[in-house]
Amino acid sequence: MSKINLLESKAHQLRKDMFEMCVNAGHGHISSGLSCTDILTSLFYGGHLKHLPEHPNWEKRDRFFLSKGHCAVILYTILADRGYFEKNELNNFSQRQGKFSIHLQKDVPGAEISAGSLGHGFGIAVGSALTAKLNRELHLTYTLIGDGEVYEGSIWEAAMFAAHHKLNNLVAILDRNYQCTLDFTENLLKLEPLGDKWESFGWRVKRIDGHNFNEIEEAFADIRRRPTDKPTVIIADTIKGKGIDYLSHKPLCHGRTPKKQEEIDICRKQLEEAEDNER
């Protein structure tokens, strides 16, 4: 089986695991997690992120900052699958006895920060990349941000700062699913031409299909060589709710977990169909 096939298979497994975790809890931003599953699968399973699950605080690890903290559900699922903690701990997601909040919690092994307030994690990632550069450390810093998150002024302040300091050890991945909490982004406040805006702030821009593993892998391929002195932003066009049509293209499904058995069954069936269609 090719690397691409393995990544596709893993992404389907992670989507199903994440869905069941959220259904068990009755909470969770499922659609937000589904849009970036393929991106994070490539990052964590494709050999691009240098990390040791058995040593979460390994000094030479690449740093990953989830600024889009409300999609912690998929990061928790990945961290459990990679062996940062036992998978059965996911049963305590959003439960009083658990340590897995709906938004990202730093005390979860493998999580670098607590996140939820949009625009904050990105600035922390920029600071971490600057620290690494000043200390002549060779690890990379990755951060995942949402497109609704780039409405925050702090994103652009940090972006300008990163370009000024030539942080070519910094990679921002922008989950461009075209939706926010209440509507589509281009209805609320137009973001396009988004690539031109990042380029004008001094960033190297790559734009890809965030569900095409060939394009995702190619986008990550030259990062460690640092072919430019600019920070890199990968704008990944995605579908919010990818794999579950029932939750896709519906802004009001943001943060919604199906609770009626009929809805749950529909979603499970669509996840299975999505997997079968890609085989």
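In this report, the structure presented in the accompanying data block is examined. (Residues numbered from 1 in each chain as written. Predicted model: local features only at pLDDT ≥ 70, side-chain atom pairs only at ≥ 80, totals over all residues. Heavy atoms only, no water.)

**So, the overall build of the protein chain**
Stated formally: Runs of E in the DSSP output that reach at least two residues are strands. Runs of H or I that reach at least four are helices, and both are numbered from the N terminus. Throughout, the radius of gyration refers to the C-alpha atoms, and the reference size of a globule is 2.2 Å times the residue count to the power 0.38. For the exposure calls, accessible area comes from a 1.4 Å probe over protein chains only, and a residue counts as buried if that area is under 20% of its type's maximum, exposed if over 50%, partly exposed in between.
Secondary structure summary: the protein chain contains ten helices and five strands in total. Relative to a compact globule of 279 residues, whose C-alpha radius of gyration would be 19 Å, the protein chain shows 18 Å and is just as compact. In terms of overall dimensions, the protein chain has a C-alpha envelope of 55 × 45 × 40 Å along the principal axes. Residue burial in the protein chain is summarised as follows: out of 279 residues, 54% are buried.

**Regarding the packing of aromatic side chains**
Which entries qualify depends on this criterion: Each pair of aromatic rings taken from Phe, Tyr and Trp, with Trp reduced to its six-membered ring, is defined by centres within 6.5 Å and is described as stacked if the planes are under 30 degrees apart, edge-to-face if over 60, and tilted in the remaining cases. Both a distance and an angle decide whether a charge sits over a ring: NZ of Lys or CZ of Arg must be within 6 Å of the ring centre and within 35 degrees of the ring normal.
Tallied over the entire structure, the rule returns eight aromatic pairs. On the basis of an interplanar angle of 90 degrees and a centroid distance of 6.1 Å, the ring pair of Phe 122 and Trp 198 is categorised as edge-to-face. Residue Phe 122 is found in helix α5 (residues 120-134), and its partner Trp 198 is found in helix α8 (residues 194-200); the two are separated by 76 residues along the sequence. Since its relative accessible area comes to 0%, Trp 198 is described here as buried. With centroids separated by 5.0 Å and ring planes inclined at 75 degrees, the aromatic side chains of Trp 198 and Trp 203 adopt a geometry described as edge-to-face. Grouping residues by exposure puts Trp 198 and Trp 203 together as buried. Through successive ring pairs, a cluster of aromatic residues spans Phe 122, Trp 156, Trp 198, Phe 201 and Trp 203. The ring of Tyr 45 carries the charged tip of Arg 82 above its face, separated from the ring centre by 5.1 Å. For the cation-ring pair, Lys 250 lies above Tyr 246, with the distance from its terminal atom to the ring centre recorded as 4.7 Å.

**Focus on helix α1 (residues 3-25)**
Quick reminder of the rule: The span expected for a helix works out to 1.5 Å for each residue beyond the first. Contact criterion: two residues are considered in contact whenever any of their non-hydrogen atoms come within 4.5 Å of each other.
Its 23 residues place the ends of α1 33 Å apart at the C-alpha level, agreeing with the 33 Å of an ideal helix rising 1.5 Å per residue. Inspection of α1 places Ile 4, Leu 7, Ala 11, His 12, Leu 14, Arg 15, Met 18, Phe 19, Met 21, Cys 22, Val 23 and Ala 25 among the buried residues, and these make up the whole buried set. For α1, the elements touching its buried residues are α2 (30-35), α3 (37-45), α4 (72-82), α9 (213-221) and α10 (261-277). Where α1 ends, the next residue or the one after it, Gly 26, has phi of about 80 degrees, a positive value.

**Points about the pattern of salt bridges**
We count it as follows: Salt bridge, as used here: a side-chain nitrogen of Lys or Arg that lies within 4 Å of a carboxyl oxygen of Asp or Glu.
Inspection of every chain in the model, using the stated rule, returns 20 salt bridges. Note that Arg 15 and Asp 38 form a salt bridge whose closest N and O atoms lie 3.0 Å from each other. Placement of the pair is Arg 15 in helix α1 and Asp 38 in helix α3, with a sequence separation of 23 residues. The two residues Arg 15 and Asp 38 agree in class, both being buried. Here Asp 175 and Lys 68 are joined by a salt bridge, their closest N and O atoms 2.5 Å apart. Of the two residues, Asp 175 sits in strand β3 (residues 170-176) while Lys 68 sits in the loop between β1 (63-66) and α4, which places them 107 residues apart along the sequence.

**Regarding α10**
Heads up, the rule is: The arc in question is the one traced by the directions running from the helix axis out to the C-beta atoms.
Along its 17 residues, α10 runs 24 Å from first to last C-alpha, staying within 8% of the 24 Å computed at 1.5 Å per residue. Among all positions of α10, only Glu 263, Ile 264, Cys 267, Gln 270, Leu 271, Ala 274 and Glu 275 are buried. Down the axis of α10, the sector holding all buried residues measures 135 degrees, keeping them to one side. Facing away from the buried side of α10 by over 90 degrees, the exposed positions are Glu 262, Lys 269 and Asn 277.

**Some points on the pairing of strand β4 (residues 204-209)**
Keep this limit in mind: If DSSP finds at least two bridges between two strands, the strands pair. The handedness of a crossover follows from its direction of travel: if, with the strands pointing away from the viewer, the path from the first strand over the helix to the second runs clockwise, the crossover is right-handed.
Covered by surrounding structure in β4 are Arg 204, Lys 206 and Ile 208 only, the residues Val 205, Arg 207 and Asp 209 on the alternate face being uncovered. Here β4 pairs with strand β5 (residues 232-237) via six bridges, running parallel. Residue pairing for β5: Arg 207 is matched across the bridge by Ile 235. One crossover worth recording links β4 to the parallel β5 by way of α9, and it is right-handed.

**As for unusual backbone geometry**
Most peptide bonds take the trans form, and the phi angle of most residues other than glycine is negative. A cis geometry characterises the amide bond from Glu 192 onward to Pro 193, with omega recorded as 0 degrees. As for its placement among the helices and strands, Pro 193 is situated in the loop between α7 (185-188) and α8. Positioned with a positive phi, Lys 166 is a non-glycine residue whose angle comes to about 55 degrees. Summarising the element assignment, Lys 166 is placed in the loop between α6 (153-164) and β3. Here Arg 226, not a glycine, exhibits a phi torsion of approximately 50 degrees, which is positive. Among the structural elements, Arg 226 can be located in the loop between α9 and β5. The exposure class assigned to Arg 226 is partly exposed, which follows from its relative accessible area of 24%.

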